[in-house]
Amino acid sequence: MRLYCPDLPDSGTIELRPEEFNYAKNVLRAKPMDEVLLFDARGKEARGIITRLDRDRFSIQIKEISKNAGKESALGIRLLQGILKGQKMDFVIQKATELGVSEIRPLITGRTQVDIRMRETRKLERWRKIGVEAARQCGRAVAPVMKEPMAFTDFFSPGPGPGGAGEPSEAQKGPGIIFWEKGGPGLKELAKKRFFDFCDGQGSPVEGAEGRYIYLAVGPEGGFSEEEAAQASGNGFYLASLGPRILRAETAAIMAVGLVQFLLGDMG
Ligand code: SAH
């Protein structure tokens, strides 16, 4: 059983946080002498043994630390997701984590239907937690980095980035694809074009593609506007299609990540 422990020490005994304790006790039915796997969601894992189980706490003795569980994709996928209503956003974060994304950035677009500003911090916390829980379930030692929501136009503004004059905008920092139901080639076609230095021009990843990353932008329920699509492609993003049907945003996000993992990442 895997348990989340944000400040995982290298040795000694730890006590679980209340939420994790409840999960371990009531969901996993943990008991003393059970072996557990602890992870800090930033890549550190440890084997441990439950040494003491009280009514509202239990102690775990750390046995062995391991750094990398080998579950991370060599291709860092950074999902730019137009903010979706309520549980749809939660669903996308959970599934994208299972599919191995390394980063999620919620985007406030022209057609975003929710007022994110009102409860931004609480939402961000909730989304982080969903990422950690999904990582726990799927065996990842790393949860995706949950970035602060950002306005679409700011992300794609060619002007100075956060570092001031001379700094590239966020969008210019890496290769990216924007999924657009009104045009653009399919992903297989796009991957053949050798536009990313980790593609070999045949649609397969090149050797030593570690440390490479790619942005994938998926719209909210109402989609991206013509202006947004134009702004993204004007800033170096490639338009791509997910086929002839219009997918719901959640379906599109899952397919986009899954197909890119299949073509260039670790699902092939
Ligand atoms: N504006 C559309 C639906 C948007 S679907 C309408 O209401 O008619 C939500 C998002 O999913 C889109 O912004 C796009 O990023 C993605 N998407 C859905 N179907 C797609 C397709 N066939 N090709 C590419 N992207 C798609």
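Note that the coordinates shown come from a computational prediction; the quantities given were computed from them, not determined experimentally.

**Observations regarding the site of the ligand**
Looking at the ligand, there are 19 residues lining it, with Phe179, Leu242, Gly243, Arg245 and Leu247 nearest. With respect to the ligand, the backbone of Leu242 contributes an N or O atom lying 2.8 Å from a nitrogen atom. Gly243 is positioned with one of its backbone polar atoms (N or O) 2.9 Å from a nitrogen atom of the ligand. Within the complex, the protein chains bury 85% of what would otherwise be the 550 Å² of accessible surface of the ligand. Residues belonging to the shell around the ligand are distributed by class as follows: 11 nonpolar, 5 polar and 3 charged.

**As for the sheet that holds strand S2 (residues 13–15)**
Across the sheet, which stays open at both edges, the 5 strands sit in the order S1-S3-S4-S5-S2 with mixed pairing between neighbours. The two strands at the open ends of the sheet, each matched to only one other strand, are strand S1 (2–4) and S2. Along the sheet, successive strands turn relative to each other by an average axial angle of 40°, direction set aside. Bridge count for strand S4 (residues 45–53) against strand S5 (residues 58–66) is 8 bridges, and the pairing is antiparallel. From the neighbouring strand, Arg52 faces S5, where its bridge partner is Ser59. Against the sheet, helix H1 (residues 18–27) makes contact with S1, S4 and S5, and its axis sits at roughly 165° relative to S1, the strand it touches most.

**Things to note about the packing of helix H2 (residues 86–98) against helix H7 (residues 249–264)**
Interaxial distance between H2 and H7 falls to 10 Å at its minimum, and their mutual angle equals 10°. What the angle tells us is that H2 and H7 run roughly parallel. Facing Lys88, Phe91, Val92 and Lys95 of H2, the residues of H7 in contact are Glu250, Ala253 and Ile254.

**Structural notes on the environment of Gly139**
Locating Gly139 in the fold gives a position in the loop between helix H3 (120–138) and strand S8 (145–146). According to the relative accessible area criterion, Gly139 is buried, its value standing at 12%. Residues Gly139 and Leu37 lie 102 residues apart in sequence; the distance between their C-alpha atoms is 9.8 Å.

**Notes on the side chain of Asp90**
Tracing the sequence through the fold places Asp90 in helix H2. Overall, the relative accessible area of 10% leaves Asp90 in the buried class. Side-chain polar atoms of Asp90 contact the side chain of Arg126, separated by 2.2 Å. When near neighbours in sequence (up to four residues on either side) are disregarded, Asp90 contacts Arg126, Trp127 and Ile130.

**Thoughts on the pairing of S4**
Along any regular strand the residues' side chains alternate between the sheet's two faces. Across 5 bridges, strand S3 (residues 35–39) lies against S4 in antiparallel orientation. Residue Val36 lies in a different strand from S4, and its bridge partner there is Gly48. The turn joining S3 and S4, which pair antiparallel and follow one another in sequence, is formed by 5 residues; a positive phi near 70° is taken by Ala41. The turn joining S4 and S5, which pair antiparallel and follow one another in sequence, is formed by 4 residues.

**A look at the pairing of S3**
In this sheet, S3 lies alongside S1 in parallel orientation, the contact comprising 3 bridges. Considered in S3, the bridge of Tyr4 is made with Phe39.

**A word on the nonpolar core**
Generally speaking, nonpolar side chains in soluble globular proteins are found buried as a group. Judged by nonpolar contacts, the single largest core of 32 residues is most densely connected at Ile77, Leu79, Ile177, Phe179, Leu187 and Leu216. Contributions of two or more residues to this core are made by strand S6 (75–82), H2, H3, strand S10 (176–179), helix H5 (187–192), strand S11 (212–218) and H7.

**Looking at H2**
By the burial criterion, the buried members of H2 are Met89, Asp90, Val92, Ile93, Ala96 and Thr97. Each buried residue of H2 lies within a common arc of 160° when the element is viewed along its axis, so the set occupies one face. Positive phi appears at Gly100, one or two residues downstream of H2, with a value of about 95°.

**A few points about helix H6 (residues 226–234)**
All of the buried residues in H6 are Glu228, Ala229 and Ala232. Across the axial projection of H6, the buried residues extend over an arc of 100°, all falling on one side. Facing away from the buried surface of H6 by more than 90 degrees, the exposed residues are Glu226, Glu227 and Gly234. At its buried positions, H6 is contacted by helix H4 (152–155), S10 and strand S12 (237–240). Directly after H6, the chain includes Gly236, whose backbone phi takes a positive value near 95°.

Definitions and limits used
- Along each chain, residue indices are assigned from 1 in the same order as the chain's sequence is written.
- In keeping with the predicted nature of the model, local features appear solely for residues at pLDDT of at least 70, side-chain atom pairs appear and are counted solely at 80 or more, and the whole-chain, interface and lining totals rest on all residues.
- Only hydrogens and water are set aside; all other atoms, that is, all heavy atoms of the structure, feed into the side-chain values.
- Proximity is defined per residue: any heavy atom of the residue falling within 4 Å of a molecule or strand makes that residue near it.
- Polar contact criterion, stated in full: a pair of N or O atoms within 3.5 Å, where within protein one must be able to donate a hydrogen and the other to accept it, and residues adjacent in sequence count only if both atoms are side-chain atoms.
- Surface accessibility follows the Shrake-Rupley procedure with a 1.4 Å probe radius. Residue values consider only the protein chains on display as shielding.
- Any residue outside Ala, Val, Leu, Ile, Met, Phe, Trp, Tyr, Cys, Pro, Asp, Glu, Lys and Arg is labelled polar, Gly included; the first ten of those are nonpolar and the last four are charged.
- When DSSP locates at least two bridges between a pair of strands, those strands are taken to pair.
- By the criteria applied, helices consist of DSSP H or I runs no shorter than four residues and strands consist of E runs no shorter than two, each listed in order from the N terminus.
- In this description, a line fitted to the C-alpha atoms serves as the axis of each element, helices being fitted only across the stretch in contact, and the angle between N-to-C directions of two axes falls anywhere from 0 to 180 degrees.
- Here, residues are in contact when the closest pair of their heavy atoms is within 4.5 Å.
- Angle categories are assigned with fixed cut-offs, so that under 35 degrees is roughly parallel, over 145 is roughly antiparallel, 65 to 115 is roughly perpendicular, and the rest are oblique.
- Burial status follows relative accessibility: with a 1.4 Å probe on protein chains alone, a residue under 20% of its type maximum counts as buried, one over 50% as exposed, and anything between as partly exposed.
- Side-chain atoms within 4.5 Å link the members of a nonpolar core, which is a set of buried Ala, Val, Leu, Ile, Met, Phe, Trp, Tyr and Cys residues.
- The directions considered for the arc are those from the helix axis to the C-beta atoms.

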